[in-house]
Amino acid sequence: MVATIEGMMAVGDQKEAQRLMLELPSDLLESEEIVAVRLQMAQANSDPNHIRGLSRKLRELNPDHPLLG
């Protein structure tokens, strides 16, 4: 499912990526992979509050994640 969401983002289909994100089990929303995808979505939408919060969360999960560089 994560690969499908990332694929939707790669082709610029934010709405479909968001729809797929809503279908994920709630426990997956806090996983490193999903937090990284959510951060990419926030960056694509230029949403500074979400970017800041998701960056913090991702840093807690993996301080060396490439998106934090």
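Just so it is clear, the model here is predicted, and its values are computed rather than measured. (Residues numbered from 1 in each chain as written. Predicted model: local features only at pLDDT ≥ 70, side-chain atom pairs only at ≥ 80, totals over all residues. Heavy atoms only, no water.)

## A look at helix α3 (residues 32–44)
Because the α-helix completes a turn every 3.6 residues, residues three or four places apart line up on one side. For α3, with 13 residues, the first-to-last C-alpha span of 18 Å sits near the 18 Å given by 1.5 Å per residue. Turning to α3, its buried residues number three or more, namely Ile34, Val35, Ala36, Val37, Leu39, Met41 and Ala42. Where α3 is buried, its residues meet α1 (2–10), α2 (14–22) and α4 (48–61). Directly after α3, the chain includes serine 46, whose backbone phi takes a positive value near 50 degrees. (Helix = DSSP H or I, 4+ residues; strand = E, 2+ residues; numbered from the N terminus. Expected span 1.5 Å × (residues − 1). Buried < 20%, exposed > 50% of the residue type's maximum accessible area, 1.4 Å probe, protein only. Contact = heavy atoms within 4.5 Å.)

## Brief notes about the nonpolar core
Grouped together as the largest cluster of nonpolar side chains are ten residues: Val2, Ile5, Met9, Ala17, Leu20, Met21, Leu24, Ile34, Val37 and Met41. Secondary structure elements with two or more residues in this core: α1, α2 and α3. With residues near it in sequence (within four places) discarded, leucine 24 still touches Met1, Ile5, Leu29 and Ile34. Listed in part, the seven residues of the second largest apolar core include Val35, Ala36, Leu58 and Leu68. (Core = buried A, V, L, I, M, F, W, Y, C linked by side-chain atoms within 4.5 Å.)

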